[in-house]
Amino acid sequence: MERKYFERAGWEFDWNKDSYAALTVLRLLDMKENNPEVWERFQRLEDHNEARREEEPDLWEYHEKHVVSFITEKLGLTEFTEDEVRGAVGKMFTNCGDLELSPAHSRGCGYYPTYANMNHNCRANTKTFKYASDQRLEVRAQEAIAKGQEISTQYVTSMKPTFARRPVLRAKWYFDCGCDRCLDPSELGSCLSGLLCTRPAPSASKLCGGCVLSLDPTDGEADWSCRLCGQLYPPEAVLELISEVSADVETSRDSDKDSIHHLERILHDYSTRLHPKNYLLVDVKMKLAQILGNYAPYQLPTLPRPLQERKIQLCQEMLEVISIVDPGFTKQRGIMLSELNKTKLNLTKQNLSVPENKNSPLFKKLFERACREKQFLCMYLAHYQNMFHGTNPQKSG
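Being a predicted model, the structure only gives us computed values, none of them experimental.

Colleague: Would you take a moment to explain the overall build of the protein chain for this structure?
Modeller: From N to C terminus, the protein chain includes 16 helices and 10 strands. In the protein chain, which comprises 397 residues, the proportion classed as buried is 44%. Residue pairs in contact within the protein chain that sit at least 24 positions apart in sequence constitute 60% of those at least 6 positions apart.

Colleague: Help me out: how do you make sense of the environment of Arg 8 in this one?
Modeller: Tracing the backbone shows Arg 8 in helix 1 (residues 3-9). Arg 8 gets classed as exposed once you look at its relative accessible area, which sits at 53%. When the C-alpha positions of Arg 8 and Leu 75 are compared, they lie 8.1 Å apart, and in sequence the two are 67 residues distant. Discounting chain neighbours no more than four positions away, the residues touching Arg 8 are Leu 77 and Glu 79. There is a polar contact of 2.7 Å between the side chain of Arg 8 and the side chain of Glu 79.

Colleague: Explanation requested: the nonpolar core in the structure shown.
Modeller: For soluble globular proteins, nonpolar side chains are generally found buried alongside one another. In terms of nonpolar packing, the biggest core is built from 46 residues, with Leu 195 and Met 336 touching the most fellow members. Breaking this core down by element, the ones donating at least two residues are strand 9 (224-226), helix 10 (235-250), helix 11 (259-269), helix 12 (279-291), helix 13 (305-325) and helix 14 (331-353). Not counting residues up to four positions away in its chain, the partners in contact with Met 336 are Met 286, Ala 289, Gln 290, Cys 315, Met 318, Leu 319 and Ile 322. Phe 6, Val 85, Met 92 and Tyr 111 belong to the second-largest nonpolar core, a separate cluster that totals 28 residues.

Colleague: What am I meant to see in the packing of helix 11 against helix 12 here?
Modeller: Any two packed helices are characterised by how steeply their axes cross, that is the angle between the axes, and by the distance between the axes. Running from N to C, helix 11 and helix 12 point in directions that differ by 150°, and their axes come no closer than 10 Å. What the angle tells us is that helix 11 and helix 12 run roughly antiparallel. When you trace helix 11 past helix 12, the crossing you get is left-handed. Of helix 12, the residues touching helix 11 (which contributes Ser 259, Ile 260, Leu 263, Glu 264, Ile 266 and Leu 267) are Leu 281, Val 284, Lys 285, Lys 287, Leu 288 and Ile 291. Residue classes in the contact of helix 11 with helix 12 are distributed as 8 nonpolar, 1 polar and 3 charged.

Colleague: What exactly am I supposed to notice about the packing of aromatic side chains here?
Modeller: For any pair of aromatic rings, the description consists of the separation of the ring centres together with the inter-plane angle of the planes. All told, the structure shown has 8 aromatic pairs when counted by the stated rule. An aromatic cluster is built from Trp 39, Phe 42 and Tyr 111, whose rings are joined through pairwise contacts. Residue placement shows Lys 91 over the ring face of Phe 42; its charged tip is 5.9 Å from the ring centre. A cation over a ring is seen here: Arg 136 above Tyr 131, with NZ or CZ 3.9 Å from the ring centre.

Colleague: It is not clear to me how the sheet that holds strand 8 (residues 211-214) should be interpreted in this structure. Could you clarify?
Modeller: Adjacent strands of a sheet form backbone hydrogen bonds with each other and so pair up, either parallel or antiparallel. Pairing is antiparallel across the open sheet formed by 4 strands, whose spatial order is 7-8-9-10. Where the open sheet ends on each side, the last strands, each with one partner, are strand 7 (195-196) and strand 10 (232-233). Where strand 9 and strand 10 come together, 2 bridges link them in antiparallel fashion. Paired with Trp 224 across the strands is Tyr 233, a residue of strand 10.

Colleague: Hey, could you run me through the pattern of salt bridges in this one?
Modeller: Between side chains of opposite charge, a pair can form when the charged atoms approach closely. Going through the model one piece at a time under the given rule, you end up with 30 salt bridges. With a shortest N-O distance of 3.1 Å, Glu 244 and Arg 273 are connected by a salt bridge. Of this pair, Glu 244 sits in helix 10 while Arg 273 sits in the loop between helix 11 and helix 12, placing them 29 residues apart in sequence. The exposure class of Glu 244 is partly exposed, given its relative accessible area of 35%. Glu 264 is the salt-bridge partner of Arg 310, the closest N and O atoms lying 2.9 Å from each other. Of this pair, Arg 310 sits in helix 13 while Glu 264 sits in helix 11, placing them 46 residues apart in sequence. Members of the salt-bridge network, linked through shared partners, are Asp 248, Arg 253, Asp 256, Arg 265 and Asp 269.

Colleague: Is there a simple way to think about the pairing of strand 8 in this case?
Modeller: The side chains of a regular strand alternate, residue by residue, between the two faces of the sheet. Pairing between strand 7 and strand 8: 2 bridges, direction antiparallel. Bridge pairing in strand 8 places Leu 196 opposite Cys 211. Relative to strand 9, strand 8 runs antiparallel, the two being bridged by 3 bridges. Looking at strand 9, one finds that Val 212 is bridged to Cys 226.

Colleague: Just to check I follow, could you spell out the side chain of Glu 84 for this structure?
Modeller: With respect to the element layout, Glu 84 can be found in helix 7 (residues 82-95). Taking relative accessible area as the criterion, Glu 84 reaches 16% and is therefore assigned buried. Sequence-distant contacts of Glu 84, that is, excluding residues within four places in its chain, are made with Leu 29, Lys 32, Trp 39 and Glu 79.

Conventions and cut-offs
- Residue indices begin from 1 for each chain and proceed along its sequence in written order.
- Selection of residues for local features in this predicted model requires a pLDDT of at least 70, selection of side-chain atom pairs for listing and counting requires 80 or more, and totals for whole chains, interfaces and linings are taken over all residues.
- To obtain the side-chain values, all non-hydrogen atoms of the structure were used and water was disregarded.
- Secondary structure elements follow DSSP: runs of H or I of four or more residues count as helices, runs of E of two or more count as strands, with numbering from the N terminus.
- Accessible area is worked out with a 1.4 Å probe on protein chains only. A residue is then buried under 20% of its type maximum, exposed over 50%, and partly exposed in between.
- Here, residues are in contact when the closest pair of their heavy atoms is within 4.5 Å.
- Polar contact is defined as a pair of N or O atoms within 3.5 Å, subject to the rule that within protein one atom must be able to donate a hydrogen and the other to accept it, and that residues adjacent in sequence are counted only when both atoms are side-chain atoms.
- Remark: nonpolar core denotes a set of buried residues (Ala, Val, Leu, Ile, Met, Phe, Trp, Tyr, Cys) joined through side-chain atoms within 4.5 Å.
- To define axes, lines are fitted to C-alpha atoms, for helices over the stretch in contact only, and angles between the resulting N-to-C directions are given on a 0 to 180 degree scale.
- Put simply, angles under 35 degrees are roughly parallel, angles over 145 are roughly antiparallel, angles from 65 to 115 are roughly perpendicular, and the rest are oblique.
- By the definition used in this description, the sense in which the near helix is turned from the far one sets the handedness, with an anticlockwise turn below a right angle giving left-handed and a clockwise turn giving right-handed.
- In this classification, the charged set is Asp, Glu, Lys and Arg, the nonpolar set is Ala, Val, Leu, Ile, Met, Phe, Trp, Tyr, Cys and Pro, and all remaining amino acids, among them Gly, are polar.
- Only Phe, Tyr and Trp rings are paired, with Trp represented by its six-membered ring, and only when their centres lie within 6.5 Å; those with planes under 30 degrees apart are stacked, over 60 edge-to-face, the remainder tilted.
- Sitting over a ring, as applied to charges here, requires NZ of Lys or CZ of Arg to be within 6 Å of the ring centre and within 35 degrees of the ring normal.
- Between any two strands, at least two bridges found by DSSP are needed for them to pair.
- Should a side-chain nitrogen of Lys or Arg be within 4 Å of a carboxyl oxygen of Asp or Glu, the pair is scored as a salt bridge.

Scope: geometric values only; no functional claims are made or implied.
The structure is reproduced here in structure tokens:
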């Protein structure tokens, strides 16, 4: 498509030069003549150019030289004004989605007219599937959506706390999210950002242990407060603790025998300072739940019963958090359900292998229940296999 513009201008395109930056913009501008209906829809989108110019001056100047000037001056395309070219650049950056391309094809983005009009919500009611074979998107409801209710999507991962999500949304999409989850210090009860109060309790041998949350989650400089005793914590202290834990998670100590001991130590060492559902501990629990039963020397067939029960506990804790911030049919939910089911099934088989339990109605009932859960899980994974395994199922009619 863009070849006609280069030929008309007598410009020989070089894939190794900065003129490559103008390709996607040219393809978007081409809709003005060849697809006016979609062009009109494209024009209604926000370009956030004022914010882009102020917050990313170096990138702005690059686009001015290699896109705006290239198209309007070097190619001499008078049918597009400078404002139209700038608008196309801004709309491309903030409304187009990344394409799933092989390394040989570098990077690319695509404009999806309907999807581009969906707003973000940190607890979205849909999930988006990308089909690598033809780059089409499919948006599926992940919970019941009432008539008249906004259909929302999610630009960032759901398992990050508000103070981590909002800066990313601001930096990449130029808006400050004000969804219900962002405005709620507890993040809808998930407490992903929660700490624990370390103020001494009336009993000298104990700490308060109340949940510590931001007084204003939309303000990065706001103090944090214990919901139990009212003790205030400055944001600098919160950041220092988060940085300490993050560094500790990434660095093993000599006393850590292996990854299991390392991760369990993290959970133990910070159990009095971080809320059990804090996102850092949740991430550790997610890793533990997937390592136990799957990697030597912790494979499921030989895994001691206490560790199998620990794995079940971790999976259940993860599912509780996921059900709050990312409900419905999700990849993480599928993984945790799969790990939970195979562990429960293995434990039940072990129970039935004991002679005195063979005829026990209780253990037989538990085994049958685990089998039914496995059957449901197989259907669940089959229907959503492209999300979990990267394959491309056919759409059902």
